[in-house]
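Topology and contacts: notes
One-letter residues, chain by chain:
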Amino acid sequence: MKMIIQEPVQAAIWHCLNHYAYSDATFLAERLCAEVQSDESVHLLATCYYRSGRPGQAHTLLHSRQPRLPAARYLLALCCFELDRLAEAESILSGGSILKPKGHDDVSGEFGDSASLALRLLARIYIRTERKAKAAEACKKSLKLNPFLWSAFVDLCNLGESVDSAKVFTTAGLDSFAMCQGPAGGGPGTEPAPQQHHAPAPHGVGHVTNVNITSTPYQTPVTALGGGALPPGCGLTVSKATPDSEKDAVRGKQALFRSQLNSTVGSPYSPSFGFLPLDTPSPGGESLPLGLLSSSPALTNNAETHDTKPGFGRRVLNRKDRAMLGLSGSSVKENNKANRLVTPKSPSRKIKTRSSKTALTTPNFNELNEKNRSERQLKSEPRGRPGSETITSAADAKPLTGQQLQVAALTIQRGSAEGLMSLLRDVGAAYQQLSQFSCRRAVDLLSALPAHQFDTGWVLSMLGKAHFELNDYKQAVRYFQMVREREPYRLETMEYYSTALWHLQREVELSALAQDLLDHGRHSAEVWCAAGNCFSLQKEHETAIRFFTRAVQVTPQFAYGHTLLGHEYVMTEELEKALTCFRRAVSIDPRHYNAWYGIGMIFYKQERYTMAEMYFKNALDINPQSSVLMCHVGVVQHNLQKTDAALLTLNRAIALDPANPLCKFHRASVFLSSERLQEALDELLQLKQMVPNESLVFFLLGKVHEKMGHAHLARMHFSWAMDLDPKGANNQLKEAIEPAISRGPADDDKTAGEAGVLGDSSFLPADMTATPEAAEPFQPIQAMESDESL
Amino acid sequence: MITMLPSEAVEEYDPYKEERLGRVREVGNQAVWSLSTCKPGFGVDQLRDLSLETYWQSDGPQPHLINIQFKRKTTVQQVCIYSDFKQDESYTPNRVSIRAGTSFHDLRELEVRELSEPSGWLVFALRGADDRPLRTYHLQIAVITNHQNGRDTHMRQVRVHAPVEQRGVTVQPVGSFVSVECSQYACLR
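Residues numbered from 1 in each chain as written. Chains lettered and ligands numbered in written order. Predicted model: local features only at pLDDT ≥ 70, side-chain atom pairs only at ≥ 80, totals over all residues. Heavy atoms only, no water.

A short note on the sheet that holds strand 6 (residues 93-101) of chain B
All names here are of chain B. The antiparallel open sheet is built from five strands, whose spatial order is 2-4-9-6-7. Here the strands that pair on one side only, and so sit at the sheet edges, are strand 2 (31-35) and strand 7 (108-114). Each neighbouring strand pair of the sheet contributes to a mean axis angle of 15°, computed without reference to strand direction. (Pairing = 2+ DSSP bridges. Helix = DSSP H or I, 4+ residues; strand = E, 2+ residues; numbered from the N terminus. Axes fitted to C-alpha atoms, helices over the stretch in contact; angles between N-to-C directions.)

Some thoughts on the UniProt feature "repeat: TPR" (unreviewed entry) in chain A
All names here are of chain A. Within the UniProt annotation, "repeat: TPR" (unreviewed entry) is assigned to residues 457-490, 525-558, 559-592, 593-626, 627-660 and 695-728. Secondary structure content for residues 525-558 is 79% helix and 0% strand, and the end C-alpha separation is 7 Å. With 79% helix and 0% strand, residues 559-592 has its two end C-alpha atoms placed 7 Å apart. (UniProt positions renumbered as here; feature names shortened; annotations may be inferred.)

Observations regarding the pairing of strand 7 of chain B
Where a strand is regular, its side chains alternate between the two sheet faces. Residues and elements named next belong to chain B. With six bridges joining them, strand 6 and strand 7 adopt antiparallel strand pairing. Bridge pairing in strand 7 places V96 opposite R113. Remark: six residues form the turn of the hairpin made by strand 6 and strand 7, two consecutive strands paired antiparallel.

Observations concerning the packing of aromatic side chains
What the rule picks out here adds up to 24 aromatic pairs over all chains. Note on W150(A) and F153(A): the rings are 5.3 Å apart at their centroids and 35° apart in plane angle, and the pair reads as tilted. Taken together, the residues W150(A) and F153(A), both in helix 10 (residues 150-158) and three residues apart, mark about one turn of the helix. Measuring from centroid to centroid gives 5.7 Å for F699(A) and F718(A), while their planes differ by 45°, and the two rings are tilted. With F699(A) in helix 35 (residues 695-708) and F718(A) in helix 36 (residues 711-723), this pair connects stretches of sequence that are 19 residues apart. Here a set of aromatic residues connected by ring pairs shows up, and it is made of W150(A), F153(A), F169(A), Y431(A) and W458(A). If you follow R546(A) out to its NZ or CZ, it ends over the ring of F547(A), 5.8 Å from the centre. Here the guanidinium or amino end of R113(B) rests over the ring plane of F124(B), the centre of that ring lying 4.0 Å away. (Phe/Tyr/Trp six-rings, centres within 6.5 Å; stacked < 30°, edge-to-face > 60°. Lys NZ or Arg CZ within 6 Å of the ring centre and 35° of its normal.)

Here we look at the sheet that holds strand 5 (residues 78-84) of chain B
Residue and element names in this part refer to chain B. One open sheet accounts for four strands, arranged 1-11-5-8; its pairing is antiparallel. Since the sheet does not close on itself, it has two edges, and those belong to strand 1 (24-26) and strand 8 (119-125), each with one partner. Going from strand to strand, the sheet's axes swing by 30° on average, the running direction of each strand aside. As defined by bridge partners, strand 5 adjoins strand 8 across seven bridges and the pair is classed as antiparallel. In the sheet register, C80 faces strand 8, and the bridge partner there is V123.

Overview of the packing of helix 24 (residues 507-520) of chain A against helix 25 (residues 525-537) of chain A
Residue and element names in this part refer to chain A. Between helix 24 and helix 25, whose axes approach to 9 Å, the crossing angle comes to 150°. On the basis of their axis angle, the class for helix 24 and helix 25 is roughly antiparallel. Like other packed secondary-structure pairs, helix 24 and helix 25 cross with a definite hand, here left-handed. The segment helix 24 lies against helix 25, with E507, L510, S511, A514, L517 and L518 engaging V527, W528, A530, A531, N533, C534 and L537. For the contact of helix 24 with helix 25, the class distribution of residues is ten nonpolar, two polar and one charged. (Parallel < 35°, antiparallel > 145°, perpendicular 65-115°, else oblique. Left-handed = near helix turned anticlockwise from the far one by under 90°. Contact = heavy atoms within 4.5 Å. Nonpolar A, V, L, I, M, F, W, Y, C, P; charged D, E, K, R; others polar.)

Points about helix 33 (residues 661-673) of chain A
The end-to-end C-alpha distance of helix 33 of chain A, which contains 13 residues, comes to 19 Å, matching closely the 18 Å that a straight helix rising 1.5 Å per residue would cover. Burial within helix 33 of chain A is extensive, with twelve of its 13 residues counted as buried. Buried within helix 33 of chain A are the following residues: P661(A), L662(A), C663(A), K664(A), F665(A), H666(A), R667(A), A668(A), S669(A), V670(A), F671(A) and L672(A). Close packing links the buried residues of helix 33 of chain A with helix 31 (627-639), helix 32 (643-656), helix 34 (677-690) and helix 35 of chain A together with helix 5 (180-183) of chain B. With a side-chain oxygen positioned 2.9 Å from the backbone nitrogen of L662(A), the residue opening helix 33 of chain A is N660(A). Positive phi shows up at E675(A), right after helix 33 of chain A, with a value of about 65°. (Expected span 1.5 Å × (residues − 1). Buried < 20%, exposed > 50% of the residue type's maximum accessible area, 1.4 Å probe, protein only. Polar contact = N/O pair within 3.5 Å; in protein donor to acceptor, adjacent residues only side chain to side chain.)

Focus: the nonpolar core
I13(A), F153(A) and F665(A) are the most contacted members of the largest nonpolar core, which totals 195 residues. Not counting the four nearest positions on each side in its chain, F665(A) is found in contact with L687(A), L696(A), V697(A), L700(A), V174(B) and F177(B). (Core = buried A, V, L, I, M, F, W, Y, C linked by side-chain atoms within 4.5 Å.)

Comments concerning the pairing of strand 11 (residues 157-163) of chain B
Within strand 11 of chain B, seven of the seven residues are buried, leaving the element largely enclosed by the surrounding structure. Burial along strand 11 of chain B is two-sided: Q157(B), R159(B), H161(B) and P163(B) and V158(B), V160(B) and A162(B), pointing in opposite directions, are all buried.

Some details on the environment of A25(A)
Residue and element names in this part refer to chain A. Looking at where A25 falls in the secondary structure, it is placed in helix 2 (residues 22-35). The exposure class of A25 is buried, given its relative accessible area of 0%. A C-alpha to C-alpha distance of 9.1 Å links A25 and Y49, two positions 24 residues apart in sequence. Contacts of A25, omitting those with residues within four sequence positions, involve I13, C16, L17 and C48.

Now the structure itself:
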């Protein structure tokens, strides 16, 4: 009877998975599972199901078999989370008995290397179930274990916590990189024996198996060398699918800069994580390859300019890590060794030793020794002969102890990650400011990023969003356009682009955007939001509501979709439905100030001004720099007869955002209704300079003059106001103007008594039988026929 | 007795254009429509489809009624009716009455209008008590008599318009801002 041997089969399955041949992988995994009933095979099959996009199947499988591998349990928790079975997911992650749930330390102990991700998932569960404090705690712990988890930082910011990115994004606190990159030699149930992937150097150049490859099942030989021997893309193959897929991000990044290294052979510097960005103030500022790949002689030339510090011990975890520089500069081959060094994190710390793996480690140790030797006397002349196994440096090689190796490996890893960490610190600081709505500060921080990072979709869209929150829609649109040029497939934050266009009333651009986005991603809530905005701008509110509903169905946890739907319901006067939508948005994201504003608007429309004020103030607390919100608060305060408070608020708004003409408009209105006519006049005259083509400014000027008794000026301004309103959008204009124009302010007898705009009673009943442009000649006739028809 | 309505002779009023421009909002979709009588195939759907070719034809005694019942009290600014004497001749309404109220039993007549060979859109602006905008649950359009004393009536299209609520807040009800520079700051979205 033939027995299926586990190892080669597993390797084959991983190979398929890494090439996204999910049906093959699943089939093989199912056969393997039938043969070998081990936790690993179950985990492998579940992984196949999950990656094929079938979390339900993965869940059923794992639930029935209950493997004890941490990674498998993590996968089960993830499936539960995606299937909205939050209680189950939580109990898996931090279960224990009801009376004694586990603390976060227990969780990290239990999940080993997957701990950071398990905590991250736990944080997401807490956020969904509205336990902010616990979520923040879990996020922080997760970041402490693994500072590469950007999404944990994002969640922390979105919860409203003020986090110091400098403290978060540092590898100084890490004892080992196992949490970030997976265990050396593969964790439980992850990868098969790597020995077959331990690629021998095909040519003398001396390939390096990618550093983290031991954690990846699929290992690609990556030439660490310059000479441009390797196509730039090769480095990217390193980031293969691994069981701990989040770690891909890490590997991907490291691979990325390796590839960039390769691709920039001969360039004076290689911009990438592995290097200090040129414009950051670092010694020499030139690229500091992180001991991984030094691809070009030019690099080594750079290295020459720096002191070389021998030895690991001197390596300090900061950007000014000369040792790394010197290390990389001195020899290509040494870099390879450095690569290899990182691989076995600590031989003594392996969770599961496999016999196959020791084969890997031993050569590494040898290389390690060689490396140490080379380290001792770092020479900076370029090594002309890449590839040979010889370390050019002389030997005061002493084989290091395991302990020292461990420390050495760790320091190298820390150094190599430092480039990324420094970038994350900068980016994180900017994001933190943005989440606290200190938008100008965020803009400054983002603009200070190095050019190649600045020019990416994410950074530009964050800039767009920052300007959006500042109500500077023109600038926001400019940034979003740049994003569209660079990354037309990018869907995140496109909803803000569409809203900015909505505010600017650019119909053509908005429909073009909606059309493009719909081509790319019909399964994405942002796309449907953009489509809804497009139709809303064209006043087709029913269609807009349909699209926003679709957005909400596609991603129920997308708060902005609910908010937009709410706003649309407000437009169609379905205020109860709107309220439900806003409340849902707020329950998803309590810091979504837009939804608080929406609730406030509903109360305002119902003339419940106290409640409106409360909700507007709520929104303002979250986003204190929004002049629009301040205007709303001010107006509502005036409606509540708190005129002084209103004026204070409006003054603050004007000081904060002088570009917002409405602050002055509202202040002028408040002056007008408080009979402070001269101040109103002054305000409006300034406003006239700011927005010379706004009909309502002239209308208000007319009202002021009318009240002051300047009939002629009033009529003049009213007629200007009408001229500026060719579409006749404001019927009230005509109602208020006609008496003034046709009869003069003193003549009241033909007017019906509706208390009008300012307590004046000079209104003609709106008679819409005429077209909006109908002027005086028809009035007498209409008066006549209304008598007749009775 | 028959009066010329100058409003009909004025430039063509296009309710669709008004809706598109955002000056008014069509709220017929928020209501339940019913007719006193109709010929099969010539009912509410033909009255509310966007085509002027199809029409409602009544099939019973006068007055012919169109009932529009809203789910909640709705502000109605005007009702637009399309009628064409050249096409409908004796089916063209002659005397039309608009009534409003909370239900069938307390409808109050708002306007009665005599039409004379209309061809085009007729706009009935509606006002509530004290000349405030009309807020109502039930709107009824009654055709009392037809041209040439026809029994049944044709009506080609009916649109019910509500005023557009302004988006932002203002101290006084001045309406909405005309320029983009101002209107973009009027509300958050």
